[in-house]
Structure formats: C-alpha cells, structure tokens
Amino acid sequence: MLKKGLIVLMASLCFNVSASERVQGTGVIDHVVDGDTYWIKADRRTDLSKVIINAKSQNYRLQKNTFKARILNINTEESVHRQKDKNTSFGKLVSVLVKKELNGKRITFICDGVGYYGRPLCSVYINKQDYALSLVNRGLSPYVTKYGAHFNNHKGYVSAELKAKRNRAGLWGPNKEQYVSELPVVDYSAQ
C-alpha cells in the first residue's frame, strides 16, 4: 500500500513539474527586439513571477518588471541575429513595421511555457486582436506548428496563412521587400 502511494505521489509530482500552466496578464510593449521577440513590461509583479518561473535570467529584469517574450507560432525572418549573414532585408523591414505598430502599446499577454532559449512563449493581444495572427495574415510570417498548434486559434492561423499564400502577400509573393515597405502601419490605438 505504501509503495503504491509513493508511486502515485511521484507520478503527480512529475506531472506537476512538467505541466505548463498558461499565464495571462496585461502590460506594455517596452521594446520590440525583432518581429517575433518583444520585451514586455507586466502591470503586476505576480504575473511576471509566474511567467518567468523557468526562464533564464537574461530574459527578465525584476527591477523593471519586464520579460523577453518569444511570440508563439510565428517565425519572422532575422533582423538582429549575432550571425549577420542570417539577417535579411525582409526581416529588417518587418522588424521596423512591428516596432512602429507595437512599441509603447498596451497589450494582454498569454504565456504558455518557456522555449529552448529560456524565453517565455507568449501570444500578444492588442485591443483583443492576436498580433501574431495579423503578421501571418499579412504574409509577414508563416504559421509555425513545429512545437504544437496555437492553443486556441489553430484554424484561424491556418486560414490566415492560406489567405496570404493565395494573395501572394509578403513571404509568398514575388517581391516581399517591396510589399512590406508599402504596407500601411496599423494604428491599434484608434481601434
């Protein structure tokens, strides 16, 4: 009986340690690193504490109440990679656009674990709109499911990517740099 109880206890401890708990909070985009990585200033310290439980220390700043988030299910081309040859002109243009649209904006975040580089993995919503979905919809990033489908909008992401491909938008078009340089900046404060 004792042995069976220990096995149940060990199994539940293993499950709890590995299970990912989604954390939702609000804050401000403190700084856009590139198209798919943002520093977020959390409104509440308790939300920050939950988000960074397994994060590497270089990915949060307790004194500023900020954390570096990798956005879920997208992968924009590189713009600030240490290996300069990995950076692309399209990635740089997307980064500039994202900075114009997001820096300083109020957001809601939902984080779902920590990724390979120790950054919290999050979805960012601005005025209740999923920002990563807008990037996929405009052809600025593919929908990435390598590590799993989006937790609550898989069909929306699949549809957005198909639409972007059909319209030959951004990544899927003949001149992606010209496309992104001509895209209007979305003013989320007016919505």
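This text follows the structure it describes.
All of the points below concern the structure found in this document. (Residues numbered from 1 in each chain as written. Predicted model: local features only at pLDDT ≥ 70, side-chain atom pairs only at ≥ 80, totals over all residues. Heavy atoms only, no water.)

**Considering the layout of surface pockets**
With a probe scaled to a water molecule rolled over the atoms, the places where space remains empty come into view.
Consideration 1: For the largest pocket, the calculated volume is near 1200 Å³.
Consideration 2: Contributing to the lining of the largest pocket are 34 residues, with Asp 36, Thr 37, Arg 70, Tyr 117 and Arg 119 lying nearest its centre.
Consideration 3: Those elements giving two or more residues to the lining of the largest pocket turn out to be strand E1 (23–34) and strand E4 (66–71).
Consideration 4: Considering every element that reaches the lining of the largest pocket, the biggest residue donor is E4, with three residues. (1 Å grid on protein atoms, 1.4 Å probe; cavity = no way out; pocket = protein on both sides within 12 Å on 5 of 7 lines; lining within 4 Å. Points joined across faces, edges and corners; volume = space filled by probe spheres on them. Helix = DSSP H or I, 4+ residues; strand = E, 2+ residues; numbered from the N terminus.)

**Structural notes on helix H5 (residues 154–166)**
For an α-helix, the turn length of 3.6 residues means that residues three or four places apart are oriented alike.
Consideration 1: For H5, with 13 residues, the first-to-last C-alpha span of 18 Å sits near the 18 Å given by 1.5 Å per residue.
Consideration 2: Looking at H5, one finds that the buried residues are Tyr 157, Ala 160, Glu 161 and Ala 164. Seen from one end, H5 has its buried residues packed into an arc of 95°, which puts them on one side. The exposed set on the far side of H5, more than 90 degrees from its buried face, consists of Lys 155 and Arg 166.
Consideration 3: The secondary structure elements touched by the buried residues of H5 are strand E7 (129–130) and helix H4 (131–137). (Expected span 1.5 Å × (residues − 1). Buried < 20%, exposed > 50% of the residue type's maximum accessible area, 1.4 Å probe, protein only. Arc of directions from axis to C-beta. Contact = heavy atoms within 4.5 Å.)

**Describing unusual backbone geometry**
Consideration 1: One non-glycine residue, Asn 127, lies in positive phi territory at about 50°.
Consideration 2: Take Asn 127: it is sitting in the loop between strand E6 (120–126) and E7.
Consideration 3: Despite not being glycine, Arg 168 shows a phi value in the positive range, around 55°.
Consideration 4: Within the secondary structure, Arg 168 sits in the loop between H5 and helix H6 (176–182).

**Regarding the pairing of E1**
Consideration 1: Both E1 and strand E5 (residues 106–114) contribute to a ladder of six bridges, which runs antiparallel. When the sheet's bridge partners are listed, Val 23 is paired in E5 with Cys 111.
Consideration 2: Here E1 pairs with strand E2 (residues 37–42) via six bridges, running antiparallel. Each residue of the ladder has a partner; that of Gly 27, found in E2, is Ala 42.
Consideration 3: In this antiparallel pair of consecutive strands, E1 and E2, the connection spans two residues. (Pairing = 2+ DSSP bridges.)

**So, helix H3 (residues 89–102)**
Consideration 1: An ideal rise of 1.5 Å per residue puts 20 Å on 14 residues; H3 measures up with 20 Å between its terminal C-alpha atoms.
Consideration 2: By the burial criterion, the buried members of H3 are Phe 90, Gly 91, Val 94, Ser 95, Leu 97, Val 98, Glu 101 and Leu 102. The arc enclosing the buried residues of H3, seen along the axis, measures out at 165°, which places them on a common side.
Consideration 3: Its buried side turned inward, H3 meets E1, E2, E6, H4 and H6.

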